[in-house]
Amino acid sequence: MKFGKEFASQMVPEWQEAYMDYNYLKGVLKDISCFKKKNAPLPEVAATPKGSLKRRISMYRAFSGLQSRFSFKGSPGRSDNEDEEVILVSSLQQEGSQGHHQTMFLMSSEQGGEYEMVFFRRLDDEFNKVITFYKKKVGEVKAEADELSKQMDALIALRIMVDKPSIAMHSDQVMMDPSTNDDSTLSPASVVPTHMRSPGGSHMEAIQEVEMTGEEILEEESTSEKREKAKKNLMGFRPAPIEILDNVKINIDPATPISTLKNVIKCSKANLKFSKDELRKAEEQMKKALVEFYKKLRLLKSYRFLNVLAFSKILKKYDKTTSRKASKSYSDMVDKSDLGNSDEINKLIERVEVTFVKHFVNGNRRKGMKYLRPQAKRETHRVTFFMGLFSGCSIALVAAIVVAIRAGHLLEHVGRGQYMDNIFPLYSLFGYIVLHMLMYGANVYYWKRFRVNYPFIFGFKQGTELGYKQVFLLASGLSVLALAAALSNLDMDMNPTTKSFETMKELIPLLLVFVLILITFCPLNILYRSSRFFLLRTAWHCLCAPLYKVTLPDFILADQLTSQVQAIRSLQFYVCYYVWGNFKTRSSTCQDSSVYQILYIVVAIIPFWSRFIQCLRRLFEEKDSMQGLNSLKYFSTIVALVMRTLYDQKRGTFWKVMAASTSGITTVANTYWDLVIDWGLLQRNSKNPWLRDKLLVPHKIVYFVAIVLDILLRLVWMQLVLDFQELPHLHKKAFVAIVACLEILRRGLWNFFRLENEHLNNVGKYRVSKSVPLPFNYDEDKSM
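Residues numbered from 1 in each chain as written. Predicted model: local features only at pLDDT ≥ 70, side-chain atom pairs only at ≥ 80, totals over all residues. Heavy atoms only, no water.

### Digging into the overall build of the protein chain
- Secondary structure assignment for the protein chain yields 30 helices and five strands.
- Split into buried and exposed, the 784 residues of the protein chain put 46% on the buried side.
- Here the contacts in the protein chain between residues at least 6 apart in sequence split such that 75% fall between residues at least 24 apart.
- Looking at the protein chain as shown, the accessible area adds up to about 41,200 Å², and 60% of this sits on carbon and sulfur atoms. (Helix = DSSP H or I, 4+ residues; strand = E, 2+ residues; numbered from the N terminus. Buried < 20%, exposed > 50% of the residue type's maximum accessible area, 1.4 Å probe, protein only. Contact = heavy atoms within 4.5 Å. Areas by Shrake-Rupley, 256 points an atom, 1.4 Å probe, with all protein chains shown as cover.)

### A closer look at the state of the cysteines
- One pass over the full model with this rule turns up one disulfide.
- Each sulfur of the disulfide joining Cys576 and Cys590 lies 1.5 Å from the other. Its torsion about the S-S bond being 85°, the disulfide of Cys576 and Cys590 is classed as right-handed. Of the two residues, Cys576 sits in helix 24 (residues 565-580) while Cys590 sits in the loop between helix 24 and helix 25 (594-622), which places them 14 residues apart along the sequence.
- Judged by relative accessible area, Cys576 falls into the buried class, the value being 2%.
- Free cysteine: Cys542, not disulfide-bonded; nearest cysteine sulfur from Cys544 at 9.6 Å. (Disulfide = S-S within 2.5 Å.)

### What about the packing of helix 10 (residues 276-322) against helix 14 (residues 365-372)?
- For the pair helix 10 and helix 14, the least separation of the axes is 9 Å and the interaxial angle reads 70°. Accordingly, the angle class assigned to the pair helix 10 and helix 14 is roughly perpendicular. Of the residues in helix 14, those in contact with Lys287, Leu290, Val291, Tyr294 and Arg298 of helix 10 are Met369, Tyr371 and Leu372.
- Looking at the contact of helix 10 with helix 14 residue by residue, the classes come out as six nonpolar, no polar and two charged. (Axes fitted to C-alpha atoms, helices over the stretch in contact; angles between N-to-C directions. Parallel < 35°, antiparallel > 145°, perpendicular 65-115°, else oblique. Nonpolar A, V, L, I, M, F, W, Y, C, P; charged D, E, K, R; others polar.)

### Digging into the nonpolar core
- Within the largest apolar cluster, 72 residues are counted, with the highest numbers of intra-cluster contacts made by Phe119, Leu123, Tyr303 and Ile314.
- Listed by contribution, the elements that provide at least two residues to this core are helix 1 (3-9), helix 2 (22-39), helix 4 (113-163), helix 10, helix 11 (327-336), helix 13 (344-360) and helix 14.
- At 21 residues, the largest contribution of residues to this core is made by helix 4.
- Apart from residues no more than four positions distant in its own chain, Phe119 is found in contact with Leu25, Val28, Leu29, Ile32, Ile314 and Tyr318.
- With 36 residues, the next largest nonpolar core counts Tyr432, Ala482, Ala486 and Tyr577 among its residues. (Core = buried A, V, L, I, M, F, W, Y, C linked by side-chain atoms within 4.5 Å.)

### Considerations on the packing of helix 21 (residues 508-521) against helix 22 (residues 529-543)
- One way to put it is that helix 21 packs onto helix 22 with a least axis distance of 8 Å and a crossing angle of 100°. In terms of their interaxial angle, helix 21 and helix 22 are classed as roughly perpendicular. Every residue of helix 22 that contacts helix 21 at Ile519, Thr520 and Phe521 is listed here: Arg532, Phe533 and Leu536.

### Quick notes on a nonpolar patch on the surface
- On the surface, a cluster of nonpolar side chains totalling about 940 Å² of accessible area is made up of Leu682, Trp690, Ile701, Val702, Phe704, Val705, Val708, Leu709, Ile711, Leu712 and Leu715.
- Among the structural elements, Leu682 can be located in the loop between helix 27 (653-678) and helix 28 (701-714).
- Classification of Leu682 by relative accessible area gives partly exposed; the value is 34%. (Patch = residues over 30% accessible without salt bridge, like charges linked within 9 Å, V, L, I, M, F, W, Y side chains within 5 Å. Salt bridge = Lys/Arg side-chain N within 4 Å of Asp/Glu carboxyl O.)

### Quick word on the environment of Gln462
- With respect to the helices and strands, the residue Gln462 is situated in the loop between helix 18 (454-458) and helix 19 (468-488).
- The sequence separation of Gln462 and Lys377 amounts to 85 residues, and the corresponding C-alpha distance is 9.5 Å.

### With respect to unusual backbone geometry
- Look at the link from Ala545 to Pro546: it is a cis peptide, with omega at 10°.
- Note on placement: Pro546 falls in the loop between helix 22 and helix 23 (552-562).
- Phi at Arg451 takes a positive value of approximately 60°, unusual for a residue other than glycine.
- Along the polypeptide, Arg451 turns up in the loop between helix 17 (424-449) and helix 18.
- By relative accessible area, Arg451 is classed as partly exposed at 30%.

### Looking at helix 17
- Under the 1.5 Å per step criterion, the end-to-end length of helix 17 is 37 Å for 26 residues, consistent within 8% with the ideal 38 Å.
- Two residues or fewer past helix 17, Arg451 is found with a positive phi of approximately 60°. (Expected span 1.5 Å × (residues − 1).)

### Digging into the pattern of salt bridges
- For the structure shown, the criterion picks out 28 salt bridges.
- Taking the shortest distance from any N to any O, the salt bridge between Glu621 and Lys549 comes out at 3.6 Å. Remark: Lys549 occurs in the loop between helix 22 and helix 23 and Glu621 occurs in helix 25; sequence separation between them is 72 residues.
- Residue Glu621 is classed as partly exposed on the basis of its relative accessible area of 38%.
- Since its relative accessible area comes to 43%, Lys549 is described here as partly exposed.
- Between Glu622 and Arg618 there is a salt bridge, with its nearest N and O atoms 3.1 Å apart. Residue Glu622 and its partner Arg618 are located together in helix 25, separated by four residues, close to a single helical turn.

### Some thoughts on the side chain of Arg754
- With respect to the element layout, Arg754 can be found in helix 29 (residues 732-764).
- Residue class for Arg754 comes out buried when judged on its relative accessible area of 11%.
- Not counting residues within four places of it along the chain, the set of residues in contact with Arg754 comprises Phe555, Ile556, Asp678 and Trp679.

### Overview of the packing of aromatic side chains
- Tallied over the full model, the rule gives 40 aromatic pairs.
- On the basis of an interplanar angle of 15° and a centroid distance of 5.6 Å, the ring pair of Phe3 and Phe7 is categorised as stacked. Within this pair, Phe3 and its partner Phe7 are both found in helix 1, separated by four residues, close to a single helical turn.
- Since its relative accessible area comes to 14%, Phe3 is described here as buried.
- Note on Trp609 and Phe612: the rings are 5.2 Å apart at their centroids and 40° apart in plane angle, and the pair reads as tilted. With Trp609 and Phe612 both in helix 25 and three residues apart, this pair spans about one turn of that helix.
- A relative accessible area of 12% places Phe612 in the buried class.
- Cluster of aromatic residues (ring-pair linked, three or more members): Tyr445, Tyr446, Phe450, Tyr468, Phe472, Trp679, Tyr703, Phe752 and Phe753. (Phe/Tyr/Trp six-rings, centres within 6.5 Å; stacked < 30°, edge-to-face > 60°.)

### Points about a positive patch on the surface
- Among the surface-exposed residues, Lys2, Lys5, Lys26, Lys30, Lys313, Lys316, Lys317 and Lys320 lie close enough to one another that they form a single positively charged patch.
- Those elements that place two or more of their residues in the positive patch are helix 2 and helix 10.
- Counting residues per element, the positive patch draws most heavily on helix 10, at four residues.
- Turning to its location among the elements, Lys5 is positioned in helix 1. (Lys, Arg positive; Asp, Glu negative; His and termini not counted. Charge placed at Lys NZ, Arg CZ, Asp CG, Glu CD.)

### With respect to the side chain of Lys633
- Looking at where Lys633 falls in the secondary structure, it is placed in helix 26 (residues 625-650).
- Within the buried core, Lys633 has no salt-bridge partner, and the shortest N-O distance to an opposite charge, that of Asp678, equals 4.7 Å.
- With sequence-adjacent residues up to four places away left out, Lys633 is seen in contact with Thr666, Ala669, Asn670 and Trp673.

### Things to note about the confidence of the model for the protein chain
- Predicted confidence across the protein chain gives a mean pLDDT of 79, with 76% of residues reaching 70 or more.
- Within the protein chain, the element-level pLDDT minimum falls on helix 6 (residues 188-191), averaging 36, and the maximum on helix 17, averaging 96.
- Confidence over residues 173-224 falls short of pLDDT 50; this stretch has 106 contacts with residues more than four positions distant or in other chains.
- Within the model, the stretch residues 229-238 combines pLDDT values under 50 with 15 contacts to residues more than four positions away or in other chains. (pLDDT = per-residue confidence, 0-100.)

Written as structure tokens, this is what we have:
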């Protein structure tokens, strides 16, 4: 693989604009090479540049100006070897900036020298961009390290108070008494709790030994000085002072319904009660914060390494193109800069590793590194094999069902209506689920292809997200089970003796539902347990809204459920058919009851109500007026859904007018929200007219096609009102299933562009890490 492609593939997607523009510089060198070849035989006077190089030069002149003045520390000198001294790199001190680098090209009088000067000007721009971004991020992680250090102080003090309260009181007395200065009086092993000691019996150092703050630690020191300092820190060990807890309150994150209600009632942060439950929650929050901080440090380290390598590669390519020797001078400058010479990130990485290993995994480094550096999943041929096998079996079963229907003339059978009313809705449930999984698998494939960081957006634990092959494997496996069950249950003739259908065959759909539920809730570590539990946890949050803090996975899943209304109604029909109906004779009258009709409306509005409540909670928490408008949109959808269902049940002109008006309003509102808010399109003044400034898909026609499809599929809302269901030779249940499948297809289309827009928002904010709430709140007034 060429370096340019490898460089792009290893970029942090959200930081891609902050990386060195390797492809542009490579293009400039290519233009210089073409110019030299064309003008090699010409006289000394340089010919007028043509083509793309001329455009690059004119554009650069317009941007920065080629006649800007230079201010160098020293005047350029010429050595005996003209080829070795091609450039002079200097660091300028400008107002509001530090270490601004500029390069003087000493061969500008030569033929084509002006164009090489453009290369170095752009190279300087890229280097200054990279080093400015790097310094900014280093400052941010250092400030975050200071905060994490304070949090660790409080956590260790809380551990001592919870595990050894008597020793903690003694510790306070010793620290407050100046006469007590003997190390033997308060040894580290005596105050460190049992769970903080290593298996070998030696104590585990508190935060002072692995402290991540202090400018003196980050200064350049020799190896011997570092070792001597570490020994002094170990010998002069003191645990975190217990007085810290006097100025600390614990953050109650409303992560559960009970904690949410308590937070609403108290409306303030709680004081520490020194309970084991508080300690457990604080440790979990601190562990997550350190893991996320460590991930950010590794990304910053990778950013630094890749950019240094990119500068080295482009300079070598320049030397090769121009037959000069300028790479060494510029590379020396890069190596001496903060980008090439700073070791702060490596030191912070080491200290986080030591802190995590000693304080959260009982000194087990291998276990600690599994938390900090989870291994990426290995692609196996087994997944591909079974995906292909199940897909082939699904196609064969579909063909078998078609042949069985045609051979048995089932479409003209007298029992066709009874079958469509009672059996078809049972199996259509699995069709909705499989289709949604197929759309999600396609979304994952294209997200990965266009470098949308969907694992970060959804908040998947690193290394546990499902790839498109795994999703297709699950979908094809479920389709094989559902199609095989449907093929075995195609019989439309009753037993003339018993006047009923075969019991075991009629129970197949119910057994299949139980199998699906058992697999979903299976606690064993099989069939992607982490993904199953993530789905269940998110679904529970949606069901219990607004008692959980709303995260992106919560409202994304709730949006998916709004497109599965027919699947939810199919589950209601399962209860009606197998509990109150007579499945042996394929008859059920409970659908005509008023209770069933009311529940038919209630179960359909549950996903929309969940989104409505989620928007209201975000409105009160985030004070975002757009969430208020979003809640009104979902409320209008609920009203339209109720009106449409009532019209379907009662008919009449009044209900038709109500259904048509409410459906029309919500269709317009939802379509506008999809295109403008969720997708970020239809911006008149963008670089891409009627789209947006940044696009991941290279072909603009894709976005316009998606806009048209979304509008057309949104109009499916009107199908009940306009009575399109009365199509000849098409049963009403089949038409409802087709409409439901079209809505699932629309949702799959919506998913891709919704996450693309979310990803681009993260890119614009250079956001690569989650915001993890810290367990402790320092009361600055008391501490002063």
